[in-house]
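Structural characterization, general
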Amino acid sequence: MDKILSKKAFIFDLDGVLINNEPLWEKAKKEMFEKLFGSEISSKIGTTVGSNTDTIYSRALKLGATVSRKDVFDAYLQYAIPIYSTTPITNGIQELGEDLINHKYLIGIVSASPRE
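For the structure given in this document, a descriptive report is provided here. (Residues numbered from 1 in each chain as written. Predicted model: local features only at pLDDT ≥ 70, side-chain atom pairs only at ≥ 80, totals over all residues. Heavy atoms only, no water.)

**A word on helix H3 (residues 53–62)**
The condition that has to hold: Burial status follows relative accessibility: with a 1.4 Å probe on protein chains alone, a residue under 20% of its type maximum counts as buried, one over 50% as exposed, and anything between as partly exposed. What counts as a helix is a DSSP run of H or I of at least four residues, what counts as a strand is a run of E of at least two, and both are numbered from the N terminus. Along the arc lie the directions from the helix axis toward the C-beta atoms. Contacts are residue-level and defined by heavy atoms, with any inter-residue pair within 4.5 Å sufficient. Definition of a polar contact: a pair of N or O atoms within 3.5 Å, with one able to donate and the other able to accept a hydrogen when the atoms are protein atoms, and with sequence-neighbouring residues admitted only if both atoms are side-chain atoms.
Among the residues of H3, Thr53, Ile56, Tyr57 and Ala60 are the ones counted as buried. Buried residues of H3 fall within an arc of 100 degrees about the axis and therefore sit on the same side. Its buried side turned inward, H3 meets helix H1 (22–37), helix H2 (39–44) and helix H4 (69–86). If you check the start of H3, you find a side-chain oxygen 3.2 Å away from the backbone N of Asp54, and it comes from Asn52.

**With respect to the nonpolar core**
Applied cut-off: Within this scheme, the nonpolar core is defined by two criteria: the residues are buried Ala, Val, Leu, Ile, Met, Phe, Trp, Tyr or Cys, and they are joined through side-chain atoms within 4.5 Å.
Residues Trp25, Phe33, Phe37 and Tyr76 are the most contacted members of the largest nonpolar core, which totals 18 residues. At the level of elements, H1, H3 and H4 are the ones that each hand at least two residues to this core. Per-element tally for this core: the top contributor is H4, with 6 residues. In this view, Trp25 contacts Asp15, Tyr76, Tyr79, Ala80, Ile83 and Tyr84; residues no more than four positions away in its chain are not counted.

As structure tokens, then:
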């Protein structure tokens with residue numbers, strides 16, 4: 001009889017789980033949206049938690065933004081570098097990761113953030 005292999009996996013979200021950067025992103029996005037889209041469009045975008053850059057850009061275009069997609073992605077990258085380089089890993093994640101590895105879990109990370 002064939003032996004059935006069972007795989008266990010644990011998938012982490014990056015922003016707000018592995019690292020607690022959501023408060024920093026909310027502040028940065030408010031400033032960034034004002035610069036990119038102006039105050040009227042920025043005030044109408046609404047919550048962007050969990051939204052990727054393409055979704056936010058599409059929403060801004062529907063509200064009348066005229067900025068290029070490249071400008072939006074470049075702005076995100078400028079804000080991302082200091083946020084990702086200074087936000088600490090969430091307490092207990094290192095230990096959890098080690099425990100999952102010891103119990104033979106496959107580990108993955110997902111994120112709506114741009115790959116860059």
